[in-house]
Number of protein chains: 2
Amino acid sequence: MTEERAKLEETREAFVTQWGVMGAQWGINRTMAQIHALLMTSADAMCTDSVMEALEISRGNAHTNLKDLVGWGLIKIVTKKGERKEFFEAEKDVWEIFRRVAKERKRREIDPALETLRNCKAATEGIDTREAKQFYEQMDQLEDFVTFASKISDRVASMKHGNAIKLAMKFFG
Amino acid sequence: MTEERAKLEETREAFVTQWGVMGAQWGINRTMAQIHALLMTSADAMCTDSVMEALEISRGNAHTNLKDLVGWGLIKIVTKKGERKEFFEAEKDVWEIFRRVAKERKRREIDPALETLRNCKAATEGIDTREAKQFYEQMDQLEDFVTFASKISDRVASMKHGNAIKLAMKFFG
DNA sequence: ATGAACTTTCAGTAAATACTGAAAACAGAT
DNA sequence: ATCTGTTTTCAGTATTTACTGAAAGTTCAT
């Protein structure tokens, strides 16, 4: 029935929109998040033109965000025999998606943050005023915490599959 | 020595700047993150004017972001006897900061996301095509994962103090 | 009731970010 | 070497987001 087809497309569009909103709240380009949602819910790999059409965006925009997604490891390029152009396919396993995002954010954000904190500590190490001691102490606390977060992230990135969820669920849930 | 005082201020400024960059990457207004960094590393509570001066921002901007930070539970308003104006003081315990952020993001983002995913499932539940089944399956996977994240967040929010870090460190580290 | 000290709002503006579309570059196929 | 289908780049533009500053609102002492 064609009504069902419409219903599915409508729901999928709602999801894509919502995923875009969420992405934006987490500091991810809205369009990139939408493309990700689109591919995650696509039964087959899509080419640039299909993405452009589905989201009504320009070639440049589609191109940039597709390549960024590849950079995040969230989608990959596939080719079809006989076809010359590139198609894109999303990783669908949710745990795997989470792992890749965690890994990438660690590399891009946690590691630099640690660097800053260590520099701040080093720069104020010897100063012997109330303010400096307090500042140093705060940097130290933050460093401990971020180091902790970093370790968690590594741990997560080394766990495989949905098994990890089930295991953790038993522990936490 | 006044040279030390300068060194501390310089380092603190570097930290404030960097915290702003980080915040922006995580979808938090840069200025809000900077004010947070400023207050986190302030030995004493600061008034709106001090914040304005330190970051060279307007009254309106300072006001909005200070109130947003209060809304996130990351700073609180304090009053000094004899003084009429409001002063602001940051929560300094890093674990407590993390708890509050986790709690707030859950409320603002995870809960609505769950709602969306459930709607998407409901809307496509009965449809009997390959595409619909795949879509439903993806929404289901995501829902499981987000539910899991939600539980973790609750767990975290109910743990107290830096003890939690040490405990978890033993487990993970 | 008046005014001083302070907070809040918001219309207008500035800055940052994202997007378009067309041109250039590239990669086979002939 | 040229043509065709495709990807990539990027200057210019649009959109979104954040900020300013002044005016209105609030609160409290006199």
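Residues numbered from 1 in each chain as written. Chains lettered and ligands numbered in written order. Predicted model: local features only at pLDDT ≥ 70, side-chain atom pairs only at ≥ 80, totals over all residues. Heavy atoms only, no water.

K.L.:
Explain the relation of the copies chain A and chain B to me, please; I cannot follow it from the model alone.
P.N.:
Copy one and copy two of the chain differ by a rotation about an axis and a translation along that axis. Between chain A and chain B, the superposition needs a rotation of 180 degrees and an axial shift of 0.0 Å, giving an RMSD of 0.0 Å. Between the two chains, the operation in question is that of a two-fold axis. When C-alpha positions in chain A are compared against the rotation axis, the closest is assigned to Gly27 of chain A, at 1.9 Å. A share of 100% of the interface residues of chain A reappears at the interface of chain B, consistent with the copies meeting face to face through the same patch. (Least-squares fit on C-alpha atoms with pLDDT ≥ 70 in both. Contact = heavy atoms within 4.5 Å.)

K.L.:
Sorry if this is basic, but what is going on with empty space enclosed by the protein here?
P.N.:
Take a probe with the size of a water molecule and roll it over the atoms, and the empty space left behind shows itself. For the structure on display, the rule yields 2 cavities of 30 Å³ or more. One number sums up the size of the largest cavity: a volume of about 60 Å³. Of all elements in the fold, only helix H1 (2-25) of chain A together with helix H5 (94-124) of chain B reach the threshold of two or more residues within the lining of the largest cavity. Class assignment for the residues of the lining of the largest cavity results in 6 nonpolar, 2 polar and no charged. By volume, the second largest cavity is sized at about 40 Å³. (1 Å grid on protein atoms, 1.4 Å probe; cavity = no way out; pocket = protein on both sides within 12 Å on 5 of 7 lines; lining within 4 Å. Points joined across faces, edges and corners; volume = space filled by probe spheres on them. Helix = DSSP H or I, 4+ residues; strand = E, 2+ residues; numbered from the N terminus. Nonpolar A, V, L, I, M, F, W, Y, C, P; charged D, E, K, R; others polar.)

K.L.:
In this structure, what is going on with the interface of chain A and chain B? I would like to understand it.
P.N.:
It is common to report an interface's size as the accessible area lost on association of the parts. Each partner contributes to the interface: chain A provides 54 residues, whereas chain B provides 54 residues. Across the chain A/chain B interface, buried area totals approximately 5300 Å², and carbon plus sulfur atoms make up 74% of it. In this structure, the connection of chain A to chain B is made through 2 salt bridges. Salt-bridge contacts for Arg130 of chain A lead to Asp44 of chain B; the nearest nitrogen and oxygen are separated by 3.3 Å. The interface formed by chain A and chain B contains 10 residue pairs in polar contact (both at pLDDT 80 or more). Within the residue set of the side of chain A that touches chain B, elements represented by two or more residues are H1, helix H5 (94-124), helix H6 (130-158) and helix H7 (161-172) of chain A. With 15 residues, H6 of chain A is the single largest residue contributor to the side of chain A that touches chain B. (Buried area = accessible area lost by both parts, 1.4 Å probe. Salt bridge = Lys/Arg side-chain N within 4 Å of Asp/Glu carboxyl O. Polar contact = N/O pair within 3.5 Å; in protein donor to acceptor, adjacent residues only side chain to side chain.)

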